[in-house]
Amino acid sequence: MTQDELKQKVAQAAMAYVQGVPVIGVGTGSTVKYFINYLAEMKSQIEGTVSSSEGTTKLLKEAGIPVLDLNDAGIIEVYVDGADEINPNKQLIKGGGAALTREKIIAAASKKFVCIADGSKRVDVLGSFPLPIEVIPMARSNVARAMEELGGRPVWRESCVTDNGNHIVDVHGLHITDPVKMEQTINNITGVVAVGIFAMRPADICLVSDGEQIITF
């Protein structure tokens, strides 16, 4: 199977977790696009969605699926999103699509976080994928210096401005053996808006396509 077929297969598997759910949190990324396609087939059965990015909001509206403000929706029963890396403890690196802050907010507001990904995203230790950090623009260099002290090689994603008007610094060369501690440490750097480690609030369920099979853990 191609990678796109694997993504489509795992997106379809996620539909089992949103049956009967009135308001669904929807993430961002290539795998989630397939999930939105399947969600469109049952749009008459849901009240609406809460979106993690302007790009996802556009796709949802084009599919005729209502998009609600999180402040009005309240607690979300189920949030479905992808990942750039997944370790065995369901801790993630996210933010390749620069939506990590809103993704973290929706994950925090959700009772159940279902992560969907193809098998290439599974790793033993997080860090091979460059770690995205959303930063206040004036703090970009300060945050980069702090990440160098932590052993990383920060690179400004120059062409990117987030939906929140901020910058992204991608940190290469990290070997994140204690994701919770690293997440807390980076959160405490002045100027950081959010870091793409999802360890303090990991996924509750991971669905990973592995050939013809869907692995659930």
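Residues numbered from 1 in each chain as written. Predicted model: local features only at pLDDT ≥ 70, side-chain atom pairs only at ≥ 80, totals over all residues. Heavy atoms only, no water.

Caption draft 1: Focus on the packing of aromatic side chains. For the structure shown, the criterion picks out one aromatic pair. Residue placement shows Lys 104 over the ring face of Phe 198; its charged tip is 5.3 Å from the ring centre. (Phe/Tyr/Trp six-rings, centres within 6.5 Å; stacked < 30°, edge-to-face > 60°. Lys NZ or Arg CZ within 6 Å of the ring centre and 35° of its normal.)

Caption draft 2: Structural context of the pairing of strand 1 (residues 23-26). Burial of the side chains of strand 1 extends over both faces: Val 23 and Gly 25 are buried on one face and Ile 24 and Val 26 on the other. Examined bridge by bridge, strand 1 and strand 2 (residues 48-51) share four bridges and lie parallel to one another. Considered in strand 2, the bridge of Gly 25 is made with Val 50. (Buried < 20%, exposed > 50% of the residue type's maximum accessible area, 1.4 Å probe, protein only. Helix = DSSP H or I, 4+ residues; strand = E, 2+ residues; numbered from the N terminus. Pairing = 2+ DSSP bridges.)

Caption draft 3: Here's a closer look at the sheet that holds strand 10 (residues 192-195). Read from one edge of the open sheet, four strands run 8-9-7-10, paired in antiparallel fashion. Edge positions in the sheet fall to strand 8 (153-156) and strand 10, since each has one partner strand and no second. Strand-to-strand twist in this sheet, taken as the mean axis angle between neighbours without regard to direction, amounts to 30 degrees. Note that strand 8 and strand 9 (residues 167-172) share four bridges and pair antiparallel. Within strand 9, the residue paired with Pro 154 across the bridge is Val 171. Sheet strands touched by helix 6 (residues 140-149): strand 7 (131-135), strand 8, strand 9 and strand 10. Its angle to strand 7, the strand with the most contacts, is close to 145 degrees. The strands touched by helix 7 (residues 179-187) within the sheet are strand 7 and strand 10, with strand 10 carrying the most contacts at an inclination of about 165 degrees. (Axes fitted to C-alpha atoms, helices over the stretch in contact; angles between N-to-C directions. Contact = heavy atoms within 4.5 Å.)

Caption draft 4: Highlighting the environment of Gly 152. Secondary-structure assignment places Gly 152 in the loop between helix 6 and strand 8. For the pair formed by Gly 152 and Leu 131, sequence separation is 21 residues and the distance between their alpha carbons is 9.2 Å. Those residues in contact with Gly 152 that sit more than four places away from it in its chain are Met 147, Val 171, His 172 and Leu 174.

Caption draft 5: Representation of empty space enclosed by the protein in the model. Under the defined criterion, the tally for this structure stands at one cavity of 30 Å³ or more. Considered as a void within the structure, the largest cavity measures approximately 40 Å³ in volume. Every residue along the wall of the largest cavity is listed here: Ser 52, Ser 53, Ala 98, Ala 99, Leu 100, Thr 101, Arg 102, Glu 134, Thr 162, Asp 163 and Asn 164. Here the lining of the largest cavity gets three residues from one element, more than from any other, and that element is helix 5 (residues 100-108). (1 Å grid on protein atoms, 1.4 Å probe; cavity = no way out; pocket = protein on both sides within 12 Å on 5 of 7 lines; lining within 4 Å. Points joined across faces, edges and corners; volume = space filled by probe spheres on them.)

Caption draft 6: Main features of the sheet that holds strand 13 (residues 213-216). Across the sheet, six strands lie side by side as 2-1-3-6-12-13; this open sheet has mixed pairing. Each of the sheet's edge strands pairs with one partner strand only, and the pair in question is strand 2 and strand 13. For this sheet the average axis-to-axis angle between neighbouring strands, irrespective of direction, equals 25 degrees. Bridge analysis of strand 1 against strand 3 (residues 76-81) gives three bridges, and the strand direction is parallel. Residue Ile 24 lies in a different strand from strand 3, and its bridge partner there is Val 78.

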